[in-house]
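Tertiary structure, described
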Amino acid sequence: MDLERRVYRLSPSQLSAETIAVTFAKTSRSPEPFDVIAAELDEEKSAKFSEKWIVGYGHSSVAEHAVIHLAMENISRLAIESIEGNRLASYTEKSTRYQEWNPKAFVIPDEIQASSLKSEYLQLMDQLFSTYAQALQALKPWSEATTPRMEGESEKAWANRARVKAVDVARFILPAASMANVGVTMNARVLEYAIKKMLSSELAEIRMIGAETKCVGMQELPTLIKHTDPIAYYGEVRKSFTGVAHAIDTIRSTEWCKMLDADPYGEAKILAGVLYRFGDDSYSVALDQVQNMDDETRQSLAGKLFERMGIHDQTLRELEYTDYTFDLVMDQGAYFEFKRHRMMSQTPQALTTNLGFAIPKGISEAGFEEKFCAAMDQANELYNRIAKSEPYAASYVVPNAFNRRVLCRLNLRESFHFCKLRSASNAHFSIRRVARGMYEKIVEIHPILAGFMNLDEGESSHSITTDYFSSVDKRPPS
Ligand SMILES: Cc1cc2nc3c(=O)[nH]c(=O)nc-3n(C[C@H](O)[C@H](O)[C@H](O)COP(=O)(O)OP(=O)(O)OC[C@H]3O[C@@H](n4cnc5c(N)ncnc54)[C@H](O)[C@@H]3O)c2cc1C
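Here's a quick rundown of the structure.

Here is what the cut-offs are and how they apply
Residues numbered from 1 in each chain as written. Predicted model: local features only at pLDDT ≥ 70, side-chain atom pairs only at ≥ 80, totals over all residues. Heavy atoms only, no water. Pairing = 2+ DSSP bridges. Helix = DSSP H or I, 4+ residues; strand = E, 2+ residues; numbered from the N terminus. Patch = residues over 30% accessible without salt bridge, like charges linked within 9 Å, V, L, I, M, F, W, Y side chains within 5 Å. Areas by Shrake-Rupley, 256 points an atom, 1.4 Å probe, with all protein chains shown as cover. Salt bridge = Lys/Arg side-chain N within 4 Å of Asp/Glu carboxyl O. Phe/Tyr/Trp six-rings, centres within 6.5 Å; stacked < 30°, edge-to-face > 60°. Axes fitted to C-alpha atoms, helices over the stretch in contact; angles between N-to-C directions. Near = heavy atom within 4 Å. Polar contact = N/O pair within 3.5 Å; in protein donor to acceptor, adjacent residues only side chain to side chain. Nonpolar A, V, L, I, M, F, W, Y, C, P; charged D, E, K, R; others polar. Core = buried A, V, L, I, M, F, W, Y, C linked by side-chain atoms within 4.5 Å. Buried < 20%, exposed > 50% of the residue type's maximum accessible area, 1.4 Å probe, protein only. Contact = heavy atoms within 4.5 Å. Parallel < 35°, antiparallel > 145°, perpendicular 65-115°, else oblique. Left-handed = near helix turned anticlockwise from the far one by under 90°. Expected span 1.5 Å × (residues − 1).

What to know about the pairing of strand 3 (residues 179-187)
- As paired elements, strand 1 (residues 67-76) and strand 3 share eight bridges and run antiparallel to each other. Considered in strand 3, the bridge of Ser 76 is made with Met 179.
- Bridging between strand 2 (residues 90-93) and strand 3 involves four bridges; their strand directions are antiparallel. Counterpart to Thr 92 in the pairing with strand 3 is Gly 183.

Below you can see the structure in the form of structure tokens.
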């Protein structure tokens, strides 16, 4: 037997995704090298093995070695939200920040096609997309006048910065029905579950995407995509809880970034975790040790944890030993970016017009506020009419300016990642406000460790609110 170390790839251009998964699965019981195992397999033998071990005996993690790339085009942003709700996968979608939208690029969902409100839906889409195009025109002189040219910056680079600034503001008008494209990379285990969830959706568009994904998935992963029946249980839970939740009187909270829960001993627990990792005592001993330190010693220990960290280095895993729960309200444009952070637990509420909408300051300064608010009011009016019979499909008409409520839980490690990435100057001001708001609450309770995020001191959630928004929760007329 050859005992030389080897690292090599099993190429998807030579082996099917299922054969690769089975090759890896077989190493569990076979002493042979992977390439020998793979050479003995063909599609039929792989299928038989998968049926027996992966599908039959529940060794499901093996299916994670079979990966598929799915190109999804011209689907609504509402559908993209649902697809990207599958945590253990990778996505890249068309950006509202870097592209301008074609006025015909919106879906007409089946629920609306079949409804007496179809013509009003089409009128609203025309209005929103033409308001979006007019806003871009109106914002151009504003963005050029408020974007000073930097020293040595070319005319082209400056014009592009000014254009992006206008697009960042105009995006508030785009509705959830807007079409986009998303590239998805998923393993077979996630894909099977994603299909089940899509087929159980309350929205016809997502059920259709689920059925098409199943057909495409089965071409490449015929034995691994097996159990895809819709999950009836989800529908039952939805029905039972919707009734109870809507029986509660609505209490309007004005706090848009509320920390619900955090551990006052969180910093000590993290430092104890790091001591534990490099020591040989029990965790209780390490925690006692940290709790008995004076503030100066504890601060110095925290400094040692971060002082050598480079900009491309990740924080240690022990930062996961404390977490924070937030109840957040943010505009839908910000939520669309927020949802991409897979390492958090997130529970968004449905996209409605009930929490009012944001008016970006650029809209007001460009003299476009009246038209903007008129479009939001129209969207609110139609949303409420559609919601009476189609509460889920009504979300299609809701523009990005409207607020969304989301419950989330994240640990300090993910807080470092999220707050640093999303408070950076190249991030959109809506998500910068969320990142700053969360950071301010975290640093208040855990100043020693969160202080090492080293965020630029130039901005605060308050300054972003006043500098970039005329209103963050304008209520349309009821
Ligand atoms: C300036 C900017 C522009 C952007 N433009 C676009 C765009 O045009 N289109 C678009 O679709 N998105 C865009 N994004 C979103 C971006 O691609 C990320 O999806 C998003 O920021 C979430 O970040 P994350 O994946 O690092 O975070 P999380 O999901 O929160 O993950 C946290 C960390 O966990 C690790 N991790 C999580 N999952 C994996 C995995 N599967 N494999 C390896 N490591 C993993 C990584 O270290 C990651 O940083 C943009 C983001 C920024 C900041």
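So much for the structure itself; the text now carries on.
Describing a nonpolar patch on the surface
- On the surface, a nonpolar cluster with roughly 340 Å² of combined accessible area is contributed by Tyr 233, Val 237 and Phe 241.
- With respect to the helices, strands and loops of the structure, Phe 241 is situated in helix 10 (residues 232-246).

Here's the deal with the packing of aromatic side chains
- Scanning the entire structure with this criterion turns up 13 aromatic pairs.
- Consider the rings of Phe 429 and Tyr 468, whose centres lie 4.9 Å apart with planes at 20°: the pair is stacked. One end of the pair, Phe 429, is in helix 18 (residues 429-445); the other, Tyr 468, is in helix 20 (residues 461-468), and 39 residues separate them in sequence.
- With 5.4 Å between their ring centres and 75° between their planes, Phe 429 and Phe 469 make a pair best called edge-to-face.

Quick notes on the sheet that holds strand 2
- One open sheet accounts for three strands, arranged 1-3-2; its pairing is antiparallel. The sheet is open, and its two borders are formed by strand 1 and strand 2, each paired with just one other strand. The sheet shows a mean angle of 15° between the axes of neighbouring strands, taken without regard to direction.

Describing the pattern of salt bridges
- Tallied over the full model, the rule gives 24 salt bridges.
- Note that Arg 404 is salt-bridged to Glu 81, the shortest N-O span being 2.9 Å. Of this pair, Arg 404 sits in strand 8 (residues 403-411) while Glu 81 is found in helix 4 (residues 77-83), placing the two residues 323 residues apart along the sequence.
- As a salt-bridge pair, Arg 340 and Glu 84 come within 4.0 Å of each other at their nearest N and O atoms. One end of the pair, Arg 340, is in the loop between helix 14 (332-338) and strand 6 (345-348); the other, Glu 84, is in the loop between helix 4 and strand 2, with 256 residues separating them in the sequence.

Let's talk about the site of the ligand
- In the neighbourhood of the ligand, 15 residues make up the surrounding shell, with Glu 93, Arg 340, Arg 342, Glu 414 and His 417 lying closest.
- Contact distances for the ligand include 3.3 Å between an oxygen atom and a side-chain N or O atom of Gln 314.
- Between the ligand and Glu 414 there is a distance of 2.6 Å, counted from an oxygen atom to a side-chain nitrogen or oxygen.
- For the ligand, the accessible surface in isolation is 930 Å², of which the surrounding protein chains cover 63%.
- Of all the secondary-structure elements, those providing two or more residues to the shell around the ligand are strand 2 and helix 17 (412-422).
- The dominant element in the shell around the ligand, judged by the number of residues it contributes, is helix 17, at four residues.
- Here the residues of the shell around the ligand sort into three nonpolar, seven polar and five charged.

Structural notes on the nonpolar core
- Ranked by internal contacts, the top residues of the largest apolar core, which has 91 residues, are Tyr 121, Leu 139, Met 186, Leu 221 and Phe 372.
- No other element matches the 10 residues that helix 6 (residues 118-145) contributes to this core.
- Not counting the four nearest positions on each side in its chain, Tyr 121 is found in contact with Phe 106, Val 107, Ile 108, Pro 109, Ile 112, Ala 177, Leu 382, Ile 386, Tyr 396 and Val 397.
- Counting residues in hydrophobic clusters, the runner-up holds 44 residues, among them Val 290, Phe 338, Met 344 and Ile 448.

Some points on the packing of helix 18 against helix 20
- Their axes nearest at 8 Å, the elements helix 18 and helix 20 cross at an angle of 155°. By the angle between their directions, the pair helix 18 and helix 20 is classed as roughly antiparallel. Taken as a pair, helix 18 and helix 20 cross one another with a handedness that is left-handed. Counted together, Phe 429, Arg 432, Arg 433, Arg 436, Gly 437 and Glu 440 of helix 18 and Ser 461, Ile 464, Thr 465 and Tyr 468 of helix 20 form the full contact between these two elements.
- Class assignment of the residues belonging to the contact of helix 18 with helix 20 gives a composition of three nonpolar, three polar and four charged.

Here we look at the environment of Phe 418
- By secondary structure assignment, the location of Phe 418 is in helix 17.
- Sequence separation of Phe 418 and Val 434 is 16 residues, and the distance between their C-alpha atoms is 9.9 Å.
- In this structure Phe 418 touches Phe 338, His 341, Met 344, Ser 423, Ile 431, Val 434, Ala 435 and Met 438, once residues within four positions along its chain are discounted.

With respect to the sheet that holds strand 4 (residues 257-262)
- Reading across from one edge, 4-5-8-6 is the order of the four strands in this open sheet, with antiparallel pairing throughout. The strands lining the two open edges of the sheet, one partner per strand, are strand 4 and strand 6. Direction aside, neighbouring strands of the sheet carry axes that sit 15° apart on average.
- In the sheet, strand 5 (residues 323-331) pairs with strand 8 via nine bridges, with the strands oriented antiparallel. From the neighbouring strand, Val 329 faces strand 8, where its bridge partner is Arg 405.
- Strands in contact with helix 17 are strand 5 and strand 8; relative to strand 8, the strand with the most contacts, it is inclined by about 130°.
- Its contacts with the sheet put helix 18 on strand 4, strand 5 and strand 8, and the angle it makes with strand 5 is roughly 150°.

Points about helix 18
- If you check helix 18, its first and last C-alpha atoms are 25 Å apart, about what 17 residues at 1.5 Å a residue would give, namely 24 Å.
- Where burial is concerned, most of helix 18 is hidden: 12 out of the 17 residues are buried.
- Those residues of helix 18 that sit buried are Phe 429, Ser 430, Ile 431, Arg 432, Arg 433, Val 434, Ala 435, Arg 436, Gly 437, Met 438, Tyr 439 and Ile 442.

Description of the environment of Ala 435
- With respect to the secondary-structure elements, Ala 435 resides in helix 18.
- Given a relative accessible area of 0%, Ala 435 falls into the buried group.
- Other than its neighbours up to four places away in sequence, Ala 435 contacts Phe 418, Cys 419, Arg 422 and Ser 423.

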